[in-house]
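An overview of the molecular structure
Here are the chains, one letter per residue:
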Amino acid sequence: MAAGPKPGSLSWRFAWVLALSAWYTLDAYPQRVLSLKDLGARKPPDSIAVHLHETVTVRGTVNATAFHFPPYTLVSIQDGEGGAILEGAPVDPRLDALRPGDQVEVQGEVTQLAGQVLVRVRTLVHTGKISPPRPLEVRLADLNGFRYLGRLATTEGQISQIGTSTAGPFFQISSGKVSYQVFIPWPPGEALPSLAGYARGDKIRAAGVAVQYCPYPPYDHFFELLASPEAVVRTERSALLPPLVLAGAIVGLFAIVLFFWSRERRIRGQREKLRKTYRLGEQILGSDSAETVMARIEESLPELLGVTRLHLYVYNRAAKTLDAVASGQTPPVSISLSAPPGGIQAGAVACFHYRTLLVIPDIARSPFPIAIPDGARAPRSLLFVPINAQGEVIGVLELDQNDRLREFDFDEQELVQHLANQIGVALRLLEQRSVREQLFRTEKLAAIGRLISGIVNDLQTPLASIPELANHALERARSSAVEHDLTTISAEAQKAAAIMARLVSFAAEEQVQAKPVSISNLLRTLIDFREGDCKASGIRVRDLTAREPLMVLGAQGQLEQVFVNLMVHAEQALATAPQKVITVRTSILGKRLVVEIAFTALPEWHKPAETAAVLGVTRGIVAGHGGEVRLIEKNNADPRFEVELPAISREHTGPVAVDATPGRAPEPGRRTALLIEPEDGAQRQLIALLAARGYRVVPVGNADTALELSHRMHFDVVFCSVRAPGLNWVELSEHVHSRVGAFILLSDGYDSELAADFEGDDRYVLPKPVQAPELDRVLQLLQPAQPKVQHGVA
């Protein structure tokens, strides 16, 4: 055996230090064997390691080669439950020799560096070798925690930042709202690896050891992945464009957005102008005089078109002149068409004669000679527009621009021409209304003359009886027969008063209050009233009216006038007939009351002109009450007049506000619809659908008739086909919009552009053939709507 080292020698001293170190390690610091999971335990609230500064023994499998930092070297091990990081000197051969798959047993002190729990290695023993551990597939959100610290993991994300520190380069990657750092440690003194091949937005996949690097407590955040350059792989390149291309794309996108914005702004302005035009057209058509028309366009047209001033000239047929409609800015002027004056008025005459629109952008350079009086303030630009109505020029609209030269573009010319045509329609309607009222008054006076001739005979008898009976009563003043004679005098006087009251009632102005009227009582009263004249003419009147009261809602004086006109016309038709019989009959068909006045006239009795005049007057009154009047002539049958009116129940006794001339209030509990449909099949289908839903339908074949009815009757809703003859549906909707509850356009199939442009403000579009669900949808929208008030109609 070799001799041991001598006391005091260097070898002896070294052995003594080793022994002392072993004793210090084994006895001074108690050793504990911990699992890697228990080693990573932490204490709240600062996440300090539970076993900090304890000497422990841990066992595990190396999962990666050593990572070198300037002040230390790190190696990671893991077992089935957790992982741990071993810390050694900057140059530690024991740690550098370890390879993935080596199984080791380590003794050392538990420390904590930047939040990461470490085992500072004192002794390290190889216990075996197995296959290297496979990295776990972990999401970025799960790596941001303590669960996978010290374990080999792989994850992926998109690069949001690339940087370099003194210890090596790093990536900041993200997935959704989660951010995570991949760090590539690099040995001191060696050149750092280049990351020039990577760019922000690239997607990468990295494999490495999960660690924590939190420089200050609490140690519950800042996690990263230690990886080698070979463990980082790019899976997808960034789709970002170069800066110049991106700038160009942004500029192009901005230009496109600006274009569509300006286009939408322009279209919105055009739509607003169109709405104002529609509104102005409705106001024009609702005017009751030419002065009102002038006031409406003076109020709206300067704002709509930006003109300075305007003039309205109406053609006077009698004087062959253009008469200016007076207003607050325009004095009354009459321009002779045969000898027109000079100046601007000559332009109005030229426009009227040539029947075309005349534009003068600059009157100083116009080929049309316009002389301006000295000192007069002349407009710089002019626009003359002919006012057309039914193919005839009935006036001229003049627009002045005083402040600047102006080119009226095509759209503005079309808009002004459209408004001028509406003015023409309004003036023509006012003219027709005046003629109709004059004809009505003429027929009324003629009927009054015929009545007076018969009333004279009726009044002679009671008026002759009154003085005779009065004298007789005076002679017998003291006898018992005085009471009977006075009673007779009173009856005869009341009869004469009733005759005069009826005459006065017939000639009086129409009432504006519609009340329930008993047609049965009215007809019997008229039969009694005409009995004397009929007997004198040899005419027998058959009273087949119902005994029970048959009620309608209307003005009694107007209805009495209708039946008087028809009976007088029937009496005149029997002048040459061998058999003179008039039969008056009433009946109820559904909810309609039908009155028939039949007469035994000869075949040659008919005089079209007289019959048309009578029916023209009566038809307007009956239509105003929601009914119809017609003359029916058939072979082997007596001719007859039929008057059809909406019947009401006897329980209805309340008055209804009504304007007797332009229209009538709807029957309580029901709604009235005006249907403009030229196709019989579509008309019958829609009538059936509306009748099943409680609507009273007035069908017509053209828009002109519908426009006239809208001025005489109240309608809750108007259904108009796009193919209705007469006035086009655009102008019709403008004319009647203020008078009806809603306007529904019947299109040929579904048209999305038409619906988008037309619908709104109680206007709707329904495709034909009309389907019940679509009709119910639109009618449901009309339920909350209240009838519009126009000219006293409620």
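For clarity, every value in this text was computed on a predicted model and none was experimentally measured. (Residues numbered from 1 in each chain as written. Predicted model: local features only at pLDDT ≥ 70, side-chain atom pairs only at ≥ 80, totals over all residues. Heavy atoms only, no water.)

Within the chain, the secondary structure is distributed over 17 helices and 35 strands. Looking at the chain as a whole, 45% of its 794 residues qualify as buried. Considering only contacts within the chain whose residues lie at least 6 apart along the sequence, 64% involve residues at least 24 apart. When the accessible surface of the chain is totalled, it reaches about 40800 Å², and 56% of it is carbon and sulfur. (Helix = DSSP H or I, 4+ residues; strand = E, 2+ residues; numbered from the N terminus. Buried < 20%, exposed > 50% of the residue type's maximum accessible area, 1.4 Å probe, protein only. Contact = heavy atoms within 4.5 Å. Areas by Shrake-Rupley, 256 points an atom, 1.4 Å probe, with all protein chains shown as cover.)

Attention now goes to the packing of aromatic side chains. Taken as a whole and judged by the stated rule, the model has 10 aromatic pairs. Centre to centre, the rings of F69 and F183 are 6.2 Å apart; their planes meet at 10 degrees, and the pair counts as stacked. Note that F69 is positioned in the loop between β5 (67-68) and β6 (73-78) and F183 in strand β13 (residues 178-183), a separation of 114 residues in sequence. Judged on exposure class, the residue F69 and its partner F183 are both buried. (Phe/Tyr/Trp six-rings, centres within 6.5 Å; stacked < 30°, edge-to-face > 60°.)

Right, let's get into the pairing of β13. Pairing between strand β12 (residues 168-175) and β13: 6 bridges, direction antiparallel. Following the sheet pairing, S175 is matched in β13 by V178. Pairing of β13 with strand β15 (residues 223-226) involves 3 bridges; the strand directions are parallel. Bridge pairing links Q181 to E224 in β15. (Pairing = 2+ DSSP bridges.)

Our focus in this paragraph is the packing of helix α10 (residues 519-536) against helix α11 (residues 556-573). At a minimum axis distance of 10 Å, the contact between α10 and α11 shows a crossing angle of 40 degrees. Here α11 runs oblique to α10, going by the angle between their axes. The interaxial crossing formed by α10 with α11 has right-handed handedness. Residues I519, L522, L523, L526, I527, R530 and C534 of α10 lie in contact with α11, whose contacting residues are Q556, L559, E560, F563, V564, M567, V568 and E571. (Axes fitted to C-alpha atoms, helices over the stretch in contact; angles between N-to-C directions. Parallel < 35°, antiparallel > 145°, perpendicular 65-115°, else oblique. Left-handed = near helix turned anticlockwise from the far one by under 90°.)

Attention now moves to the nonpolar core. Core analysis: the biggest nonpolar cluster contains 56 residues, and L301, L397, I423, L674, I676 and L732 have the highest contact counts within it. Tallying contributions element by element places helix α8 (residues 410-475) first for this core, with 10 residues. Once residues lying within four places of it in the same chain are set aside, the contact partners of L674 are V698, V700, A706, L709, F715, V717, V718 and F719. In terms of nonpolar packing, the next biggest core, distinct from the first, is built from 38 residues, L523, I597, V643 and L645 among them. (Core = buried A, V, L, I, M, F, W, Y, C linked by side-chain atoms within 4.5 Å.)

The geometry of helix α13 (residues 680-692) relative to helix α17 (residues 772-782) is characterised by a closest axis approach of 11 Å and an angle of 55 degrees between their N-to-C directions. The angle between the axes of α13 and α17 places the two elements in the oblique class. Remark: the crossing between α13 and α17 carries right-handed chirality. Where α13 abuts α17, its residues L686, L689 and L690 lie against A772, L775 and L779. Residues belonging to the contact of α13 with α17 are distributed by class as follows: 6 nonpolar, no polar and no charged. (Nonpolar A, V, L, I, M, F, W, Y, C, P; charged D, E, K, R; others polar.)

This part covers the sheet that holds strand β18 (residues 321-324). Ordered by their spatial adjacency, 6 strands build an open sheet running β19-β18-β17-β22-β21-β20, and the pairing between neighbours is antiparallel. In this open sheet, the two strands that pair with only one neighbour each are β19 (334-336) and β20 (358-360). Each strand of the sheet is rotated relative to its neighbour by a mean of 20 degrees, with strand direction disregarded. One ladder, built from 9 bridges, connects strand β21 (residues 381-389) with strand β22 (residues 392-401); its direction is antiparallel. Paired with P386 across the bridge in β22 is V396.

Let us now look at unusual backbone geometry. As a rule of thumb, non-glycine residues mostly have phi less than zero, and peptide bonds are mostly trans rather than cis. A cis amide bond links P44 to the next residue, P45, at an omega of 5 degrees. Checked against the element boundaries, P45 lands in the loop between β2 (42-43) and β3 (48-49). Even without being glycine, Q390 reaches a positive phi, approximately 55 degrees. With respect to the helices and strands, Q390 occurs in the loop between β21 and β22. Judged by its relative accessible area of 66%, Q390 is exposed. Even without being glycine, D762 reaches a positive phi, approximately 65 degrees. Note on placement: D762 falls in the loop between α16 (752-758) and β35 (763-768).

Right, let's talk about the sheet that holds β35 for a bit. Ordered by their spatial adjacency, 5 strands build an open sheet running β32-β31-β33-β34-β35, and the pairing between neighbours is parallel. Two strands bound the open sheet, and with one partner strand each, they are β32 (695-700) and β35. Across the sheet, the axes of successive neighbouring strands diverge by a mean angle of 20 degrees, strand direction being ignored. With 6 bridges connecting them, strand β34 (residues 742-748) and β35 associate as parallel partners. Each residue of the ladder has a partner; that of L745, found in β35, is V765. Against the sheet, helix α15 (residues 729-736) makes contact with β31 (671-676), β33 (717-721), β34 and β35, and its axis sits at roughly 170 degrees relative to β34, the strand it touches most. Seen against the sheet, α17 touches β31, β32, β33, β34 and β35 and runs at an angle of roughly 170 degrees to β35.

Turning to the confidence of the model for the chain, a few remarks are in order. Within the chain, residue pLDDT values average 79, and 79% of them lie at 70 or more. Here residues 23-29 is modelled with pLDDT under 50, and outside its nearest four sequence neighbours on either side it reaches 6 contacts, counting other chains as well. (pLDDT = per-residue confidence, 0-100.)

This part is about the environment of Q401. Mapped onto the secondary structure, Q401 falls in strand β22. When the C-alpha atoms of Q401 and P361 are compared, they prove to be 9.2 Å apart, with 40 residues separating the residues in sequence. Excluding residues within four positions of it along the chain, Q401 makes contact with G306, V307, T308, P379, R380, S381 and R406. At 3.3 Å, the side chain of Q401 and the backbone oxygen of G306 are in polar contact. (Polar contact = N/O pair within 3.5 Å; in protein donor to acceptor, adjacent residues only side chain to side chain.)

With 6 of 8 residues buried, α15 lies mostly within the body of the structure. Those residues of α15 that fall on the buried side of the exposure criterion are E731, L732, S733, E734, H735 and V736. Between the side-chain oxygen at the start of α15 and the backbone nitrogen of V730 there is a gap of 3.1 Å, and the oxygen is on N728.

Looking at the element boundaries, V765 is found in strand β35. Given the relative accessible area of 9%, V765 is considered buried. Residues V765 and S721 lie 44 residues apart in sequence; the distance between their C-alpha atoms is 10.0 Å.

Counting along an α-helix, one turn takes 3.6 residues, and residues three or four places apart therefore face a common direction. Compared with the 26 Å implied by 1.5 Å per residue over 18 residues, the 26 Å span of α10 between its first and last C-alpha is a close match. The largest bend in α10 is about 45 degrees, located at R530. Within α10, the full set of buried residues consists of I519, S520, L522, L523, R524, L526, I527, F529, R530, D533 and C534. Where α10 terminates, the next one or two residues include G538, which has phi positive at roughly 75 degrees. (Expected span 1.5 Å × (residues − 1). Bend = angle between axes of the 7 residues up to and from the residue.)

This part takes up the side chain of R696. Checked against the element boundaries, R696 lands in strand β32. For R696, a relative accessible area of 6% translates into the label buried. Within the structure, R696 has its side chain in polar contact with the side chain of T672 (distance 2.8 Å).

Attention shifts here to the pattern of salt bridges. Two side chains bearing opposite charge may form a pair once their charged atoms approach each other closely. Per the stated rule, a full pass over the model turns up 32 salt bridges. D92 serves as the salt-bridge partner of R94, at 3.3 Å between the closest nitrogen and oxygen. Judged by its relative accessible area of 34%, R94 is partly exposed. Measuring nitrogen to oxygen at the nearest pair gives 3.8 Å for the salt bridge that ties K203 to E236. Note that K203 is positioned in strand β14 (residues 203-212) and E236 in strand β16 (residues 232-236), a separation of 33 residues in sequence. Exposure remark for K203: the relative accessible area of 37% places this residue in the partly exposed category. Among the residues examined, E236 registers a relative accessible area of 43% and is labelled partly exposed. A single network of salt bridges, built from pairs that share partners, joins R585, R592, E596, E628, R630, R640, E642 and E644. (Salt bridge = Lys/Arg side-chain N within 4 Å of Asp/Glu carboxyl O.)

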